[in-house]
Amino acid sequence: MKPVRKAVFPVAGLGTRFLPATKAIPKEMLTVVDRPLIQYAVDEAREAGIEQMIFVTGRGKGALEDHFDISYELEATMRGRGKSLEPLEPTRFPPGAIVSVRQQEPLGLGHAVWCARDIVGDEPFAVLLPDEVMVGQPNCLRQLVDVYERIGGNVVATLEVPPEETHRYGVVDPGKRDGNLTEIRGLVEKPAQGTAPSNLMLPGRYILQPEVMQVLDRKEKGAGGEIQLTDAMAQLIGTQPFHGVTFDGARHDCGEKVGFVIANLALSLQREDMAPAIRAYLANL
Ligand code: G1P
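Residues numbered from 1 in each chain as written. Predicted model: local features only at pLDDT ≥ 70, side-chain atom pairs only at ≥ 80, totals over all residues. Heavy atoms only, no water.

Quick look at the overall build of the protein chain
Part 1 of the reasoning: The helix and strand inventory of the protein chain stands at ten helices and 14 strands.
Part 2 of the reasoning: The C-alpha atoms of the protein chain give 19 Å as radius of gyration, which agrees with the globular expectation for 285 residues (19 Å, within 12%).
Part 3 of the reasoning: The buried share among the 285 residues of the protein chain stands at 50%.
Part 4 of the reasoning: Within the protein chain, contacts between residues separated by at least 24 positions form 74% of all contacts whose residues are at least 6 apart in sequence.
Part 5 of the reasoning: When the accessible area of the protein chain is evaluated, it comes to approximately 14100 Å², of which 52% is carbon and sulfur surface. (Helix = DSSP H or I, 4+ residues; strand = E, 2+ residues; numbered from the N terminus. Rg over C-alpha atoms; globule rule 2.2 N^0.38 Å. Buried < 20%, exposed > 50% of the residue type's maximum accessible area, 1.4 Å probe, protein only. Contact = heavy atoms within 4.5 Å. Areas by Shrake-Rupley, 256 points an atom, 1.4 Å probe, with all protein chains shown as cover.)

Below is the structure:
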């Protein structure tokens, strides 16, 4: 079984839900406490053993590459002032460990992943959607890697949501269940209200076999007229093992404002230096 060494981060989206905040900065640079969203996803991948991060970017997304580059002027100034460079540690990667490729047109998540096909090559790879901040111990991708190392094939994170929310997501048609593991019989992207095969959704963490790129090559359009990753994955079912792992942890949907504000509260309450002041403020409120 080949190890999972590469991860794809689709980061070409325009972030229109957060305008005007995202007019001149990528939405993945919005901060939760003191880290941009992209940092949470990259940290999660690195902790899960990923060696190469592949950003699928677009025009105006240069800040994402700058964030993981050396900031010469900043470091020289900080050193000169005797300040610790420790806060920059998570942004350090050797050359080649972070690469990017452009998605030239917004044709969907499946198309974004397909744009990374030559860098991914013939090996299994992870996909992480940075809008979703997943907090768990071990982290979400690590939970998937642990299962992948046992059973191989395709392994995706799943989570239960209230039935009235399933139309917003990719949804699983579940087969046999064994603890947190669910055999996947089918997948539907954004099922119409009342038609979802279950309330088990895909929160944006995947380990996929490279054959999914061949399916994406066909550029078939699905929900919303977009090339959907969910549809391409669905076509692998039956030809390769496909399992869902119910994530043990908390999910924050930072692709929308309420989830984003809640993520800031939840994560700041986990910080010893901030929690007492924030708790006191909230209690007062
Ligand atoms: C994407 C995926 C969907 C998944 C969701 C998680 O949808 O297509 O399957 O459930 O992310 O956030 P989007 O949020 O891009 O509409």
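Moving on, there is more to tell.
Description of the pairing of strand β13 (residues 242-246)
The side chains of a regular strand alternate between the sheet's two faces.
Part 1 of the reasoning: Buried residues dominate β13, accounting for four of its five residues.
Part 2 of the reasoning: Bridging between strand β8 (residues 154-160) and β13 involves five bridges; their strand directions are parallel. Pairing of A157 across the sheet is with V245, part of β13. (Pairing = 2+ DSSP bridges.)

A look at the site of the ligand
Part 1 of the reasoning: Taken together, the neighbourhood of the ligand is formed by L109, L129, E132, Y169, G170, E189, K190, L202, Q228 and T230.
Part 2 of the reasoning: Within the backbone of G170, a nitrogen or oxygen atom sits 3.0 Å from an oxygen atom of the ligand.
Part 3 of the reasoning: One of the side-chain nitrogen or oxygen atoms of E189 is found 2.7 Å away from an oxygen atom of the ligand.
Part 4 of the reasoning: Protein chains shield 76% of the accessible area of the ligand, which is 380 Å² for the free molecule. (Near = heavy atom within 4 Å. Polar contact = N/O pair within 3.5 Å; in protein donor to acceptor, adjacent residues only side chain to side chain.)

Some details on the pattern of salt bridges
Part 1 of the reasoning: Going through the model one piece at a time under the given rule, you end up with 20 salt bridges.
Part 2 of the reasoning: Taking the shortest distance from any N to any O, the salt bridge between D131 and K27 comes out at 3.1 Å. Residue D131 is found in the loop between β6 (125-128) and β7 (132-135), and its partner K27 is found in the loop between β1 (6-10) and β2 (31-32); the two are separated by 104 residues along the sequence.
Part 3 of the reasoning: A relative accessible area of 17% means that K27 is categorised as buried.
Part 4 of the reasoning: Of the charged contacts in the structure, one is a salt bridge between E28 and K61, with a shortest N-O distance of 2.8 Å. (Salt bridge = Lys/Arg side-chain N within 4 Å of Asp/Glu carboxyl O.)

Here's the deal with the pairing of β6
Part 1 of the reasoning: Burial of β6 is two-sided: the residues F125 and V127 facing one way and the residues A126 and L128 facing the other way are all buried.
Part 2 of the reasoning: Bridge count for β6 against strand β12 (residues 205-208) is four bridges, and the pairing is antiparallel. Bridged to A126 within β12 is I207.

What to know about the environment of P203
Part 1 of the reasoning: Take P203: it is sitting in the loop between β11 (200-201) and β12.
Part 2 of the reasoning: Overall, P203 belongs to the buried group, its relative accessible area being 1%.
Part 3 of the reasoning: The sequence separation of P203 and E132 amounts to 71 residues, and the corresponding C-alpha distance is 7.0 Å.
Part 4 of the reasoning: Ignoring anything within four residues of it in the chain, the contact list for P203 reads E132, M134, A157, T158, L159 and R251.

Observations regarding the nonpolar core
Part 1 of the reasoning: By size, the foremost hydrophobic cluster in this structure holds 36 residues, and its most contacted members are F9, I38, F55 and L141.
Part 2 of the reasoning: Mapped onto this core, the elements with two or more residues apiece are β1, α1 (37-47), β4 (52-57), β6, α6 (140-151) and β8.
Part 3 of the reasoning: Among the elements that take part in this core, α6 stands out by supplying six residues, more than any other.
Part 4 of the reasoning: Beyond its immediate chain neighbours, meaning those up to four positions away, L141 contacts E44, A45, A48, I50, A126, L128, Y206 and I207. (Core = buried A, V, L, I, M, F, W, Y, C linked by side-chain atoms within 4.5 Å.)

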